Amino acid sequence: MRALTFVPGGKDTLEVREVPDPEPRQGELLVQGLALGICGTDRELVQGDYGWPPPGEERMVIGHESLGRVLRAPDGSAFSPGDLVAGVVRRPDPEPCGACRRGEFDMCRNGRYTERGIKELDGFGSELWTIEAAYAVRVDPALDTLGVLVEPASVVAKAWEQIERIGARAWFEPRTLLVTGAGPIGLLAALLGRQRGLETHVLDRSPPGLKSSLVEELGGIYHSSSTLEDFQRAKPDIIIECTGAGQLVIDSLTTTAAVGIVCLCGLAPGGRAHRVDAGVINRDIVLENDVVFGTVNANLRHFRAAAEALARADRRWLERLITRRVPLTRALEAFEPAKDVKAVIDLTA
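All of these numbers come straight from a predicted model, not from anything done at the bench. (Residues numbered from 1 in each chain as written. Predicted model: local features only at pLDDT ≥ 70, side-chain atom pairs only at ≥ 80, totals over all residues. Heavy atoms only, no water.)

Caption draft 1: Highlighting the sheet that holds strand β9 (residues 120-121). Taken together, 3 strands build an open sheet; the order of strands is β7-β8-β9 and the sheet is mixed. Two strands lie at the open edges of the sheet, namely β7 (90-91) and β9, each paired on one side alone. When strand β8 (residues 114-116) meets β9, the two strands line up parallel, connected through 2 bridges. Looking at β9, one finds that glutamate 115 is bridged to glutamate 120. (Pairing = 2+ DSSP bridges. Helix = DSSP H or I, 4+ residues; strand = E, 2+ residues; numbered from the N terminus.)

Listed below in C-alpha cells is the structure:
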C-alpha cells in the first residue's frame with residue numbers, strides 16, 4: 001500500500017512510499033484511509049522541528065487528522081464494515097499517570113504518552129490503517145469526507161468543555177465570545193460558540209473575503225484587525241485565542257469582562273520580546289476573578305463531542321472550510337505555504 005512517510009527530525013524527507021499492508025491485532029479495526037487533514041503541526045514535523053519515530057524505526061507515517069471506512073471489525077466491537085471513523089490521536093503511557101489511568105490522557109502529567117503521526121506511533125496517512133476499537137470514533141455518514149474535521153474540532157470541543165467547567169465555579173451566563181484567528185481552529189471555535197447561542201466575534205488580520213464570509217454565515221461578526229482596540233469598552237465574556245501572536249495573547253489577558261475566561265489555543269513562536277506591564281495584568285485578573293488557561297490535544301470524550309457538533313452543523317458551511325484537496329500522488333502540495341483555510345489529502349487518489 002501507499003503511505004506518506006517522513007524522517008522525524010529531518011528536513012524535506014516527506015515522500016509517498018510503498019509499505020507493507022497493516023495486519024490488525026486483537027481488538028483492532030482494519031480501516032481504509034479516505035482523507036487526511038494537514039495542519040501547522042504536520043508542517044512543523046516535515047521541517048524537522050520535532051517528532052519521534054516508532055522504536056527501532058527511522059521513518060514513520062505522518063498524519064493525525066483522520067477519516068476512514070471500516071473494512072474489518074472484531075467480534076463484539078461497536079463497529080461494522082462500512083462505518084466511517086476518525087481515530088483518537090493520543091495514547092496513555094504504559095505506566096500511566098493518574099490522569100491517563102482515568103481516561104484523561106490529554107492531561108498527561110509525566111509526558112510519556114504516545115501520539116499517532118507525531119510521537120512513536122505511525123499516523124493515519126496511508127491507504128490502510130489499523131486502530132484499537134476503543135480509540136475509534138464513529139462519524140455520521142451524512143458528513144462523508146467532512147468527517148476529516150473531527151480531530152481539529154475535538155481540540156475545540158475540549159476547550160469549550162474546560163470553559164464551561166471553569167464557568168461553573170460560580171454563576172456564569174456568558175453572552176459574548178471573541179475568537180482571535182480565523183484559521184480552522186478559530187472558525188470551529190466560532191461554530192461551537194454559535195451552537196451555544198453566544199454573540200460571536202472573530203478577529204483576523206485577513207481582509208474581508210472567505211474568512212469574513214464564513215463568520216457572517218454563522219451569524220457572527222468579523223473584525224479585520226490585528227489588535228483588540230475595538231473590544232476595550234464592550235469586553236467579551238470569553239476569549240478563545242487561536243493565533244499565538246504574542247501581543248494578542250498579552251492583550252487578551254486584560255480584555256475580558258469581569259469573571260471572564262481566556263482560553264489559549266494558539267502556540268506562540270519564541271524569540272520575540274514584548275513590553276508588558278505585569279502589574280496591570282495582575283490587578284485585572286485578580287480583582288475581576290478572571291481565569292486564563294491553555295489547552296491542547298483531546299481525549300475520547302472530546303472526539304465524540306466534536307463528531308456530534310459537526311453532525312449538527314451546516315454541511316455547506318463545513319465544505320467551505322476545506323479550501324484545497326489534493327490526491328495522495330501529489331500529497332506534498334498540501335504542505336506548501338498557501339492562503340488556505342484547510343488542506344486535505346485524498347488517500348484514495
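Still more ground to cover, so stick around.
Caption draft 2: Fine view of the pattern of salt bridges. Across all of its chains, the model carries 20 salt bridges by this definition. Close ionic contact of arginine 2 with glutamate 127 constitutes a salt bridge, the shortest N to O distance being 2.9 Å. Within this pair, whereas arginine 2 is found in strand β1 (residues 2-6), its partner glutamate 127 is found in the loop between β9 and β10 (128-132), the two being separated by 125 residues in sequence. For glutamate 127, a relative accessible area of 22% gives the class partly exposed. (Salt bridge = Lys/Arg side-chain N within 4 Å of Asp/Glu carboxyl O. Buried < 20%, exposed > 50% of the residue type's maximum accessible area, 1.4 Å probe, protein only.)

Caption draft 3: Inspection of the pairing of strand β14 (residues 221-224) at higher detail. As defined by bridge partners, strand β13 (residues 199-204) adjoins β14 across 4 bridges and the pair is classed as parallel. Opposite valine 202, over in β14, you have tyrosine 222 as the bridge partner. Remark: the β13/helix α5 (residues 210-217)/β14 crossover connection has right-handed handedness. (Right-handed = clockwise from strand over helix to strand, strands pointing away.)

Caption draft 4: Inspection of the side chain of lysine 119 at higher detail. When you line up the elements, lysine 119 lands in the loop between β8 and β9. For the buried lysine 119, no salt bridge exists, and the shortest N-O distance to an oppositely charged side chain is 4.2 Å, to glutamate 120. Polar side-chain contacts of lysine 119 include one of 3.2 Å to the backbone oxygen of glycine 111. Contact partners of lysine 119, with chain neighbours within four places excluded, come to Trp52, Met60, Gly111, Arg112, Tyr113 and Thr114. (Lys, Arg positive; Asp, Glu negative; His and termini not counted. Polar contact = N/O pair within 3.5 Å; in protein donor to acceptor, adjacent residues only side chain to side chain. Contact = heavy atoms within 4.5 Å.)

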